[in-house]
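Structural overview
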Amino acid sequence: MSAAHRPMDPAVVVARKKEDVLVGEEIVRHNLNSRMIHWSVAVTFFVSLFTGMPIWLPLFGWMAAFFGGLSVCRVIHPWAGVAFFIASLFMFFDWVGDMRMTKRERKGWWGPLLFRYLRWEVEDVETGKYNGGQKFFFWTVGLGALGLLLSGLIIWFPRAFPQLLREFSYLIHDIAFILFVAAIVWHIYLGTSAEPGTFRSMTRGTVTPKWARLHHPKWYREVTEKPRHHPHHG
Amino acid sequence: MSQNLEIRRSSAAVWGSLSGIRSIPTVAKYVDTTTCIGCKACEAACIEWNDLRRVGTQQTGTYQTLPTLHAEYWNLIRFNERDFDGGIAWLMRKDQCMHCDEPGCLAACPAPGAIVQYANGIVDVNPDQCIGCGYCETGCPFDVPRFHQTTGKMAKCTLCVDRVSVGLEPACIKACPTGCLQFGTKDDMVAMGLRRVDQLKASGFKEAALYNPQGVNGTSVVTVLAHGDHPEWYALPADPHVPLLVKFWKSVLRPLGVVAVFGAVIGAFGHYMNLGRKGVKGADAHDANLPDEISRKGEHE
């Protein structure tokens, strides 16, 4: 059989377009579009982060060497920031439909339910495609990206804005950045080593049914109650 | 009086003071607004010596050359007019970098060595290190530093550090025909200023004062004002200081941020060591025959 006739991996084919469907022994969690948006946000975020941190503190000055020095960072950083905001905007509208919080999530996930989750206790049977922590992360990122953009524009063009606004912009930019870094460390930790089987949802696009039942029981029920998806046989 | 260019303070440096081996006197300019005739010889000398020739004048209805300082115009005589009973006063004042003892520009600057304060008190931008971010514009209480579009660096008066370091007086001082500009050690210039203030008081200017604002621990440009109770009449801030929010940002928020950044990393690592992974055994495998129960490290061993 020639390469041209070799059947494509069905899950990969389905995961290009569809989400929340069972294909073979896998569930598609993020279609190709969502994954591309996510990684665009990630790349622009890290370029912004690593060009911004050496400007923030000489302790991180060594990062500037990767871009060709501090003055190169100063040129790249604002544009990378704008790109990050645009990518975040796409991500916001891609996912906002799934991010509406229930009253229980709104009240609990900023504290008690978050700690319950971090103690690895059994997931609430009512947890859908995203848990309350992920939803909080989503809204924090959205608000943070807006805060970074607005304060960043003021820092970028200082003479166009009054003194006090400039001073506050440094504080807002710093606070948002600090929250982002703390959040991103945990985002990466939870999405890779802490919860095996998660990272593939952002590369291949799929998860196993066991993973889905463990982390997102309600989503698992919704997906598995639907008829199994049969990819087009060519 | 030749000057050693030892550095006293540097922007974004870990340690505040980098000098102190030698005792080097602080230098200062003396500006007497009461004997300035507004001839602008100092402006011309400044652009001549520093080779700043790209700015045209701008008519704003007064004799003033430009509305404010410019990246290529570091010394500007401000022609402030004021009505008094029986006449008008021209309160001409030399606007330039004040070379603060506690420079707000240097405090705000994120680039190591881009703004330095020499041991003699001169505050200077080092173009090699400057990244043109403009933070110094926000840090400066006198609105002095300007972004230079062509070089992409910040620019301001250097107090002619290149002349001073070889024992010459700044170009503006050299050009002044009335002697209202003088140059020397800060102690001498302050003493001269206070003598002049006494003279002015004796001749009826009861509120005369020497402008050497203590909010920035004094400046290396000391200015004699006939109306010392109203520095704003001369377009000078009454109580300049390094902006409080800039200080808070640099000295409180940044250290807290460092703790938060490293705390997040250490916290995640500690969490992993304490609780391990969450997951059904083999949840990332394709094999559907693996056991279902939730595993917590330690519970099954």
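Residues numbered from 1 in each chain as written. Chains lettered and ligands numbered in written order. Predicted model: local features only at pLDDT ≥ 70, side-chain atom pairs only at ≥ 80, totals over all residues.

1. Some details on the overall build of chain A
Convention followed: A helix here means a DSSP run of H or I that spans at least four residues, while a strand means a run of E at least two residues long, and both kinds are numbered starting from the N terminus. Any residue surrounded by 20 or more other C-beta atoms within 10 Å of its C-beta is treated as buried, while 12 or fewer makes it exposed and the intermediate range makes it partly exposed; C-beta atoms here are placed from the backbone. Contacts here follow a simple rule: the backbone-placed C-beta atoms of the two residues must lie within 7 Å.
Helix and strand counts for chain A come out as nine helices and three strands. The linear arrangement of helices and strands in chain A, starting from the amino end, is α-β-β-α-α-α-α-α-α-β-α-α. Dimensions of chain A, computed from the C-alpha atoms along their principal axes, are close to 60 × 50 × 30 Å. For chain A, buried positions account for 34% of its 234 residues. Nonlocal contacts in chain A, meaning residues at least 24 apart in sequence, comprise 62% of its contacts between residues at least 6 apart.

2. Some details on the overall build of chain B
The helix and strand inventory of chain B stands at seven helices and 13 strands. Burial analysis of chain B (301 residues in total) assigns 42% to the buried set. The long-range fraction of contacts in chain B, counting pairs at least 24 apart against all pairs at least 6 apart in sequence, stands at 60%.

3. A closer look at the nonpolar core
Where we set the bar: Each nonpolar core comprises buried Ala, Val, Leu, Ile, Met, Phe, Trp, Tyr and Cys residues, the members being joined through C-beta atoms within 7 Å.
In this structure, Cys105(B), Cys109(B), Ile115(B), Cys136(B), Cys172(B) and Leu181(B) are the most contacted members of the largest nonpolar core, which totals 98 residues. With seven residues, helix α2 (residues 32-56) of chain A is the single largest residue contributor to this core. In contact with Cys109(B), not counting residues within four places along its chain, are Ser11(B), Ala12(B), Ala114(B), Ile115(B), Tyr135(B) and Cys136(B). If you look at the next biggest cluster of nonpolar residues, it comprises 15 residues, including Leu22(A), Val23(A), Ala212(A) and Tyr220(A).

4. Observations regarding the packing of helix α6 (residues 132-156) of chain A against helix α7 (residues 163-194) of chain A
All names here are of chain A. To keep things clear, this is the line we draw: Angles run from 0 to 180 degrees between N-to-C directions of axes, and those axes are lines fitted to C-alpha atoms, restricted for helices to the stretch in contact. In a left-handed crossing the near helix is turned counterclockwise from the far helix by less than a right angle, and in a right-handed crossing that turn is clockwise. Polar here means any residue outside two lists: the nonpolar Ala, Val, Leu, Ile, Met, Phe, Trp, Tyr, Cys and Pro, and the charged Asp, Glu, Lys and Arg; Gly therefore counts as polar.
Two numbers describe how α6 lies on α7: the axes approach to 8 Å, and their chain directions differ by 145°. At the point where α6 passes α7, the crossing takes the left-handed sense. Facing α6, whose interface residues are Phe137, Thr140, Gly144, Gly147, Leu148, Ser151, Gly152, Ile154 and Ile155, α7 presents Leu165, Arg166, Ser169, Tyr170, Ile172, His173, Ala176, Leu179, Phe180, Ala183 and His187. The residue inventory of the contact of α6 with α7, partitioned by class, reads eleven nonpolar, eight polar and one charged.

5. Notes on the sheet that holds strand β2 (residues 27-32) of chain B
Residues and elements named next belong to chain B. Keep this limit in mind: When DSSP finds two or more bridges between a pair of strands, those strands are recorded as paired.
One open sheet holds the four strands; their spatial order is β9-β2-β11-β10, and the pairing between them is mixed. Lying at the two open borders of the sheet, with one neighbouring strand each, are β9 (181-185) and β10 (209-211). Neighbour-to-neighbour, the strand axes of this sheet turn through a mean angle of 25°, independent of strand direction. Pairing of β10 with strand β11 (residues 221-225) involves three bridges; the strand directions are antiparallel. Within β11, the residue paired with Ala209 across the bridge is Leu225. Running at roughly 135° to β9, helix α6 (residues 186-202) makes contact with β2, β9, β10 and β11 of the sheet.

6. What to know about the packing of α7(A) against helix α7 (residues 244-275) of chain B
We apply this condition: Angles are sorted into four bins: roughly parallel if under 35 degrees, roughly antiparallel if over 145, roughly perpendicular if 65 to 115, and oblique for all others.
Packing of α7(A) against α7(B) brings their axes to within 10 Å, and their N-to-C directions diverge by 5°. Relative to α7(B), the element α7(A) is oriented roughly parallel. Residue classes in the contact of α7(A) with α7(B) are distributed as 20 nonpolar, two polar and two charged.

7. Regarding the interface of chain B and chain A
Counting from both sides, the interface comprises 36 residues of chain B and, opposite them, 37 residues of chain A. Those elements that place two or more of their residues in the side of chain B that touches chain A are α3 (135-139), α7 and β12 (279-280) of chain B. For the side of chain B that touches chain A, the element with the highest residue contribution is α7(B), accounting for 15 residues. Here the side of chain B that touches chain A is composed, by residue class, of 23 nonpolar, seven polar and six charged.

8. Structural notes on unusual backbone geometry
Residues and elements named next belong to chain B. Here Lys40, not a glycine, exhibits a phi torsion of approximately 65°, which is positive. Positionally, Lys40 belongs in the loop between β2 and α1 (41-49). One non-glycine residue, Asp143, lies in positive phi territory at about 55°. By secondary structure assignment, the location of Asp143 is in the loop between α3 and β7 (146-148). For Asp143, a count of 15 C-beta atoms within 10 Å gives the class partly exposed.

9. As for the sheet that holds strand β3 (residues 206-207) of chain A
Residues and elements named next belong to chain A. In spatial order, the strands read β1-β2-β3; together these three strands make up an open sheet with antiparallel pairing. Each having just a single partner strand, β1 (22-23) and β3 make up the two edges of the open sheet. With two bridges connecting them, β1 and strand β2 (residues 26-28) associate as antiparallel partners. Paired with Leu22 across the bridge in β2 is Ile27.

10. Some thoughts on the pairing of strand β3 (residues 76-84) of chain B
Consecutive side chains along a regular strand alternate between the two faces of the sheet. Residues and elements named next belong to chain B. In terms of strand pairing, β3 meets strand β4 (residues 87-95) through nine bridges, oriented antiparallel. Opposite Phe84, over in β4, you have Gly87 as the bridge partner. Between β3 and β4, which pair antiparallel in sequence order, lie two residues; one of them, Gly86, sits at a positive phi of approximately 85°.

11. Examining helix α1 (residues 10-17) of chain A
All names here are of chain A. Rule in force here: As used here, the arc belongs to the directions running from the helix axis to the C-beta atoms.
For α1, every residue scored as buried is listed here: Ala11, Val14 and Ala15. Along the axis of α1, the buried positions cluster into a sector of 100°, meaning they face one direction only. For α1, the elements touching its buried residues are β1, β2, α2 and β3.

12. Points about the pairing of strand β5 (residues 115-118) of chain B
Residues and elements named next belong to chain B. Judged by which residues are buried, β5 turns out to be covered on both faces: Ile115 and Gln117 on one side and Val116 and Tyr118 on the other are all buried. Across three bridges, strand β1 (residues 7-10) lies against β5 in antiparallel orientation. Each residue of the ladder has a partner; that of Arg9, found in β5, is Gln117. Following β5, the chain reverses through four residues before pairing antiparallel with strand β6 (residues 123-125); Gly121 in that reversal takes a positive phi of roughly 95°.

13. Brief notes about the environment of Gly142(A)
Residues and elements named next belong to chain A. Position of Gly142 relative to the elements: it lies in helix α6. Owing to 17 C-beta atoms within 10 Å, Gly142 belongs among the partly exposed residues under this scheme. As a C-alpha pair, Gly142 and Val96 span 46 residues in sequence and 9.9 Å in three-dimensional space. Contact partners of Gly142, with chain neighbours within four places excluded, come to Ser88 and Phe92.

14. Regarding α7(B)
Rule in force here: What a helix should span is 1.5 Å times the count of its residues minus one. The term bend refers to the angle at a residue between two fitted axes, each drawn through seven residues, those ending there and those starting there.
Helix length check: α7(B) (32 residues) gives 44 Å between terminal C-alpha atoms against 46 Å at 1.5 Å per residue, within 8%. Of all the bends in α7(B), the greatest, near 35°, is centred on Leu253(B), and the proline Pro255(B) appears no more than four residues after it. Within the span of α7(B), buried status applies to Val246(B), Trp249(B), Lys250(B), Gly257(B) and Val261(B). Looking at the buried positions of α7(B), the neighbouring elements they touch are α7 of chain A together with α2 (104-108) and α3 of chain B. In the stretch just after α7(B), Gly276(B) is the one whose phi turns positive, near 70°.

On their own, these measurements won't tell you what the molecule is for.
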